[in-house]
Amino acid sequence: MSWFLWLLTQWPSSALLLLLLSVVGLEVVQAILCSRWGAPRNKSLSQDGDVIIGGLFNLFYIPSAVEQGFTELPHYEPCTGLDLEPLKYTYAMVFAVEEINRNSTLLPGVKLGYHILDSCSRYPWALQGAMSMVGGDTHSCNVAASIPHPAAYEQPEETAAGSQPVPLLIAAASSTTGIMLSRILGPLSVPVISYLASCPCLSDRAKFPNFFRTIPSDIYQARAMAQLAIRFHWTWMGAVVENNDYGQLAIQVFQEEIQGKEVCLEFVETLQRENIVSDARRAALTIQASTTRVILIFCWYTDVKKVFLELTKINVTDRQFLASEAWSTSDDLLQDLTISEVANGVLGVAIRSSTIPGFENYLRRLHPINHPDDEFLRDLWKNEFGCSPEATQSNATPLSLYFSSPQKNQSNTSAPASRVEKLSLQKVTLPPCSGTESLEGVQHPFTDTSQLRVAYNIYLAVYAAAHALHSLLSCPDKDSPPGNNSSTCSSPKHIQPIELLHHLNKVNVTTPQGEMFYFQGADIPAKYDLVNWQKTPEGSLKLVLIGRVDGFNIHLNESAIRWSTGSNQVPVSVCSESCPPGTRKANRKGEPLCCFDCLPCADGEISNKTGSLHCERCPSEFWSNVEQTACVARQLDFLSFNETLGITLTTAAVSGAAVTTAVFVVFLYYRKTPMVRANNSELSFLLLLSLKLCFLCSLVFIGRPSVWSCQFQQAAFGISFVLCVSCLLVKTLVVLAVFRSARPGAETLLKWFGPGQQRGSVCLFTCIQVIICAIWLSLSPPVPQPDLGFQGSKVTLECAMASVVGFSLVLGYIGLLACSCLLLAFLARKLPDNFNEAKLITFSMLIFCAVWVAFVPAYVSSPGKYVVAVEIFAILASSYGLLLCIFAPKCFIILLRPDKNTKKHLMAR
């Protein structure tokens, strides 16, 4: 038999139908099905009409299969358990048909009928039921021979009604059934409208052109759950999925939706039905060991229950679960107190619910007396009231002893609360009913219409069929499919399925509830409910509607949610906390993108939002604040008189000027002594004046740079030092001339170095520097300008050299005079005087040159305002070197050794 089912789901529908029907025939196919799976139940529910629509529901189930969690039912187990939820679906279809028949505007003058069969979740029974309804065939299986297990079969009976072919089926409680029926009925163009088949594969119109459904594709619920994860910032999640197409495809869509949205899955555990006990235990241990707090579950409710029971055993109650529609509304889970702690706070996507006005009263008024041909209703009475409705008597068993209350259903945790399992009715003779049994005024899952989900899908399917029939039979646009005569309208007794299929594709109507209804290919616009499992005062769980999904839009009342923690605070589930402003993400090697470290931004860079991937560099005029969250304007910085460095340099400059003044006073007071008069006292006084100017010119470099200060400081510096070095150069020349004149024939040499010539030489050397400075400052003077090149919170306001050539000429000229002076002084250092001033000049020039040689690299490499400080230091150091080397020995003799301040001592060799 397995090969036959494989053909049903794998082969192209047209080829398969031709193979089955033309080669073996319908009767042979039925015989093949019956020989392996037993005869379908002959119970049905029918109503005659001008047009008959078919319905297939899993009304009965195998109790042992439910207890063991099977989805593929054993071949030879009898279907004896009546499932109340599908029974409610059946009457939703009946109610819709009756409501349409009472409607004077929809299908006027046409009575709609139905033919409903049970398939017991068995694919071959669903196939045979569909083929019998479409073909109007009432054949049943002959099970008289070759049956391995006779107890599995039921004696055939002739069908009382339903011989009229149906042009449309409302069927397929599973995707597998939908695929099978669509492939088989596709070549006949018989439309199949499913109320529960949610596989995305069925949206393929090329493969399933005759398939429609009133439940959204699973793609939409996976997308909705991904949107919830993104909305609540759950970046670190786990997943438990069924190891089949339902679970694998759902998690695939979920992962595609969260890609690039900073959501990661820590683990994906799969559950296999054959190994559900071990798989559930493994999944529970994985959840316990994980760091995630939010778990996504795409599984059937029986498997979820196994996982929850394992979590209860190891006391894991602090996880937030996201539920798919397969278990988000399961009464079996909601009513089980043993898992209430684990399941508390579940947030789920559910098939959208709606109300059907008058449906509850319709269900409560159902009674076998009023529907003597309704076999399903008689079975309901037998199960619920424990009596046989075929006959009534006054001494029947009271209602209170036989009615299955919700409390009794809660004790049976192995099956849904809507399923009622009694003793085998074939083996127990039940007393006749009294006739007073009724569903009126009794709380029971069968009459609960507060949240109609699948039943409403069936209700919509019936109305979709009715509107398609209405469009077909009324011929509003004379637009028939190709090959048909557009001038004639179809008759209710001769409806062609291909015509109905054509009109069903164009259905676009408003339902009695005011909802726009239309098909987008095989699908309808995606709509879901968002539900929350909340604890009641009694400790059980209740289902609370907290929002809806409409296409890609989520409407959510977050304040109504009670999370697994018992509070309104959204659970936090992250691998790493979001990086605060001022930091950036740094991915950890070998770990998912959601696991990262937060590194502070570098100086001059900022991140002003949470979870930044990169830090942004501030513009050149700005710098990052202390928190690295904003760019602020860089403060102007310069060497001021108020800071420590400025005060130190100012003190040194003023002290140098004061010492120079003191030396000047000493020399002035002792101007007639030989020490002062030696080697031209005028040059000594001029040298002291120039040194004082050198000390004072350094003060111009301190303070906020301005246009005048930038121009004056360099001119004062250059002229002062040239004046100073010129005096020393002339002094050195005079010393050399004096000693050279002592040689025979050199008497005329002194006339070129008289006092006038000395003063003229100093003036000439100084004027050259004045000319250089004048040309430099007139053509391209230094100007105050912020130095943006230095990276820091402060920008240095400095005197920018617009012309490096001018500054180089000033320094170069000073260097030329200093080197010349050093060379001449070095040559005169060993002249035979007891007090030879050339030695003092040599030492002073060595210090001077050393300072300014070191100045150049220090000046170039110093940052910000320290450039100015380096230049001031060079000025002061060289000035102090000249002052101390030249005048300190003279002052020592003048003040402390006056006995040596004589011409005789100075001229001694």
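Preceding block: the structure.
Residues numbered from 1 in each chain as written. Predicted model: local features only at pLDDT ≥ 70, side-chain atom pairs only at ≥ 80, totals over all residues. Heavy atoms only, no water.

Draft legend 1. The arrangement of the overall build of the protein chain in detail. Assigned secondary structure in the protein chain consists of 27 helices and 30 strands. Residue burial in the protein chain is summarised as follows: out of 909 residues, 53% are buried. Residue pairs at least 24 apart in sequence account for 72% of intrachain contacts in the protein chain once pairs closer than 6 positions are excluded. As displayed, the protein chain offers around 40000 Å² of accessible surface, 58% of which is attributable to carbon and sulfur atoms. (Helix = DSSP H or I, 4+ residues; strand = E, 2+ residues; numbered from the N terminus. Buried < 20%, exposed > 50% of the residue type's maximum accessible area, 1.4 Å probe, protein only. Contact = heavy atoms within 4.5 Å. Areas by Shrake-Rupley, 256 points an atom, 1.4 Å probe, with all protein chains shown as cover.)

Draft legend 2. Geometry of the state of the cysteines. In the structure shown here, the tally under the stated rule is nine disulfides. Between the sulfur of Cys-387 and that of Cys-433 lies a disulfide, 1.9 Å long from S to S. Classification of the bridge connecting Cys-387 and Cys-433 rests on its S-S torsion, roughly 90°, and on that basis the disulfide is right-handed. Of this pair, Cys-387 sits in the loop between α14 (375-385) and β14 (388-392) while Cys-433 sits in strand β16 (residues 432-433); the two residues are 46 residues apart in sequence, bridging distant segments of the chain. You'll find Cys-387 and Cys-433 in the same group, each marked buried. For Cys-579, the disulfide goes to Cys-598, at an S-S distance of 2.1 Å. Its S-S torsion of about -95° marks the bond between Cys-579 and Cys-598 as left-handed, since a negative value means left-handed. Of this pair, Cys-579 sits in the loop between β21 (553-556) and β22 (583-587) while Cys-598 sits in strand β23 (residues 596-600), placing them 19 residues apart in sequence. Its sulfur unpaired, Cys-727 is 6.8 Å from the next cysteine sulfur, which belongs to Cys-724. Take Cys-727: its relative accessible area is 0%, and that puts it in the buried class. (Disulfide = S-S within 2.5 Å.)

Draft legend 3. Structural view of the pattern of salt bridges. Scanning the entire structure with this criterion turns up 29 salt bridges. With a shortest N-O distance of 2.5 Å, Asp-379 and Lys-43 are connected by a salt bridge. Of this pair, Asp-379 sits in helix α14 while Lys-43 is found in the loop between α2 (13-37) and β1 (44-47), placing the two residues 336 residues apart along the sequence. Close ionic contact of Glu-269 with Arg-282 constitutes a salt bridge, the shortest N to O distance being 2.7 Å. Linking Glu-269 in strand β10 (residues 264-271) with Arg-282 in helix α9 (residues 276-289), this pair joins segments that are 13 residues apart in sequence. A relative accessible area of 13% places Glu-269 in the buried class. Overlapping salt bridges bring together Glu-242, Arg-273 and Asp-303 as one network. (Salt bridge = Lys/Arg side-chain N within 4 Å of Asp/Glu carboxyl O.)

Draft legend 4. Region of the structure containing the pairing of β21. Covered by surrounding structure in β21 are Ile-554 and Leu-556 only, the residues Asn-553 and His-555 on the alternate face being uncovered. Once strand β20 (residues 541-550) ends, the chain turns through two residues before running back antiparallel as β21, passing Gly-551 with a positive phi of about 70°. (Pairing = 2+ DSSP bridges.)

Draft legend 5. Fine view of the sheet that holds strand β6 (residues 169-170). Taken in spatial order, the six strands make up an open sheet running β1-β5-β2-β6-β7-β8, and their pairing is mixed. Of all strands in the sheet, those with a lone pairing partner are β1 and β8 (211-213), marking the two edges. Relative to strand β7 (residues 192-194), β6 is paired through two bridges, and the arrangement is parallel. Note on β7: the bridge partner recorded for Ile-170 is Ile-193. Contacting β2 (51-57), β5 (112-118) and β6, helix α5 (residues 123-135) runs over the sheet at an angle of about 175° to β2. (Axes fitted to C-alpha atoms, helices over the stretch in contact; angles between N-to-C directions.)

Draft legend 6. Inspection of the sheet that holds strand β29 (residues 783-787) at higher detail. Spatially, the three strands line up as an open sheet ordered β28-β30-β29, and their pairing is mixed. With one partner strand each, in any of the chains shown, β28 (635-637) and β29 form the two edges of the open sheet. Sheet twist, expressed as the average angle between the axes of neighbouring strands with direction ignored, equals 35°. As paired strands, β29 and strand β30 (residues 794-800) are joined by five bridges and run antiparallel to one another. Each residue of the ladder has a partner; that of Pro-784, found in β30, is Cys-799.

Draft legend 7. How the structure looks around helix α25 (residues 837-861). Over its 25 residues, α25 extends 37 Å from the first C-alpha to the last, a length consistent with the 36 Å expected when each residue adds 1.5 Å. Of all the bends in α25, the greatest reaches close to 30° and is centred on Phe-855; the proline Pro-857 follows between one and four positions later. (Expected span 1.5 Å × (residues − 1). Bend = angle between axes of the 7 residues up to and from the residue.)

Draft legend 8. Main features of the packing of helix α4 (residues 84-101) against α14. Interaxial distance between α4 and α14 falls to 12 Å at its minimum, and their mutual angle equals 145°. In this structure, α4 meets α14 at a crossing whose hand is left-handed. Counted together, Leu-84, Leu-87 and Tyr-91 of α4 and Phe-376, Leu-377, Leu-380 and Glu-384 of α14 form the full contact between these two elements. Grouping the amino acids of the contact of α4 with α14 by side-chain chemistry returns six nonpolar, no polar and one charged. (Left-handed = near helix turned anticlockwise from the far one by under 90°. Nonpolar A, V, L, I, M, F, W, Y, C, P; charged D, E, K, R; others polar.)

Draft legend 9. Representation of unusual backbone geometry within the structure. Even without glycine at this site, Leu-107 takes up a positive phi of about 50°. Within the secondary structure, Leu-107 sits in the loop between α4 and β5.

Draft legend 10. The arrangement of the environment of Leu-228 in detail. Along the chain, Leu-228 turns up in helix α7 (residues 218-231). On the accessibility criterion, Leu-228 (1% relative accessible area) is buried. Linking Leu-228 and Leu-556, residues 328 residues apart in sequence, is a C-alpha distance of 9.6 Å. Residues contacting Leu-228, with those up to four places away along its chain left out, are Trp-234, Leu-322, Leu-347, Leu-530, Ile-554 and Leu-556.

Draft legend 11. Region of the structure containing the pairing of strand β19 (residues 527-535). The element β19 is largely enclosed, with a buried count of seven among its nine residues. Sheet topology note: the β19/β20 ladder contains nine bridges and is antiparallel. Each bridged residue has a counterpart across the sheet, and for Asp-529 the counterpart in β20 is Arg-548. From the end of β19 to the start of β20, which pair antiparallel, there are five residues, and Gly-539 there has a positive phi angle of about 100°.

Draft legend 12. Region of interest: the side chain of Asp-529. Tracing the chain through its elements places Asp-529 in strand β19. With a relative accessible area of 0%, Asp-529 lands in the buried category. Separated by 2.9 Å, the side chains of Asp-529 and Arg-453 make a polar contact. Discounting residues that sit within four places of it in the chain, Asp-529 has contacts with Gly-348, Val-349, Ala-350, Ile-351, Arg-352, Ser-353, Arg-453, Leu-545, Gly-547 and Arg-548. (Polar contact = N/O pair within 3.5 Å; in protein donor to acceptor, adjacent residues only side chain to side chain.)

Draft legend 13. Focus on the packing of aromatic side chains. Scanning all chains against the criterion turns up 34 aromatic pairs. With centroids separated by 5.6 Å and ring planes inclined at 85°, the aromatic side chains of Trp-234 and Trp-563 adopt a geometry described as edge-to-face. Of this pair, Trp-234 sits in the loop between α7 and β9 (236-242) while Trp-563 is found in the loop between β21 and β22, placing the two residues 329 residues apart along the sequence. Through pairs of rings, three or more aromatic residues link up here, namely Phe-717, Phe-721, Trp-776, Phe-807, Phe-848, Trp-852, Phe-855 and Tyr-859. Between the NZ or CZ atom of Arg-205 and the centre of the ring of Phe-212, over which it lies, the distance is 4.9 Å. Between the NZ or CZ atom of Arg-223 and the centre of the ring of Tyr-220, over which it lies, the distance is 5.9 Å. (Phe/Tyr/Trp six-rings, centres within 6.5 Å; stacked < 30°, edge-to-face > 60°. Lys NZ or Arg CZ within 6 Å of the ring centre and 35° of its normal.)

Such coordinate-based values are descriptive only and should not be taken to indicate function.
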